Amino acid sequence: REPYLRFLALAQTISAPMGNTEPIDLLSQKLLEVIALRHNQGEAMTVSDAMSLSKIASPATLHRKLDQLREAGFIEQTFHGDNRRTKYLVPTQLADQHFCNLSKALVAASA
């Protein structure tokens, strides 16, 4: 219990603004985690896939959070091949740094 609570305390300091970005709210954090997990597993997530995550939020809310994550620089939308209709969500270097910081907090909390 204690290591996890220490991790939560450290993680809250990480959700502070990074550079010119706003803090990541919990819903945006969850959406970013799902996108990053899918990307890490080699399964490209489309905008439609993200919009169907009804366990997280409504499609309208998810669309707004995708826009916020994109504008903050945590994700970008890409195309594969010649198909310009399907947009894929990819975590950016800023997202990678965010997860790196969370990883460091997890290691520090368990020490």
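To keep things clear, this report deals only with the structure shown in the data block.

## What to know about the packing of aromatic side chains
All chains considered together, the criterion is met by one aromatic pair. With 6.2 Å between their ring centres and 40 degrees between their planes, Tyr-4 and Phe-7 make a pair best called tilted. Taken together, the residues Tyr-4 and Phe-7, both in helix 1 (residues 2-14) and three residues apart, mark about one turn of the helix. With relative accessibility at 51%, the residue Tyr-4 sits in the exposed group.

## Describing the sheet that holds strand 1 (residues 45-46)
One open sheet accounts for three strands, arranged 1-3-2; its pairing is antiparallel. Edge strands, defined here as strands with exactly one partner in the open sheet, are strand 1 and strand 2 (75-80). Sheet topology places strand 2 next to strand 3 (residues 83-91); five bridges connect them, and they run antiparallel. Within strand 3, the position partnered with Thr-78 by the bridge is Tyr-88.

Calculation notes
- Residues numbered from 1 in each chain as written.
- Predicted model: local features only at pLDDT ≥ 70, side-chain atom pairs only at ≥ 80, totals over all residues.
- Heavy atoms only, no water.
- Phe/Tyr/Trp six-rings, centres within 6.5 Å; stacked < 30°, edge-to-face > 60°.
- Helix = DSSP H or I, 4+ residues; strand = E, 2+ residues; numbered from the N terminus.
- Buried < 20%, exposed > 50% of the residue type's maximum accessible area, 1.4 Å probe, protein only.
- Pairing = 2+ DSSP bridges.

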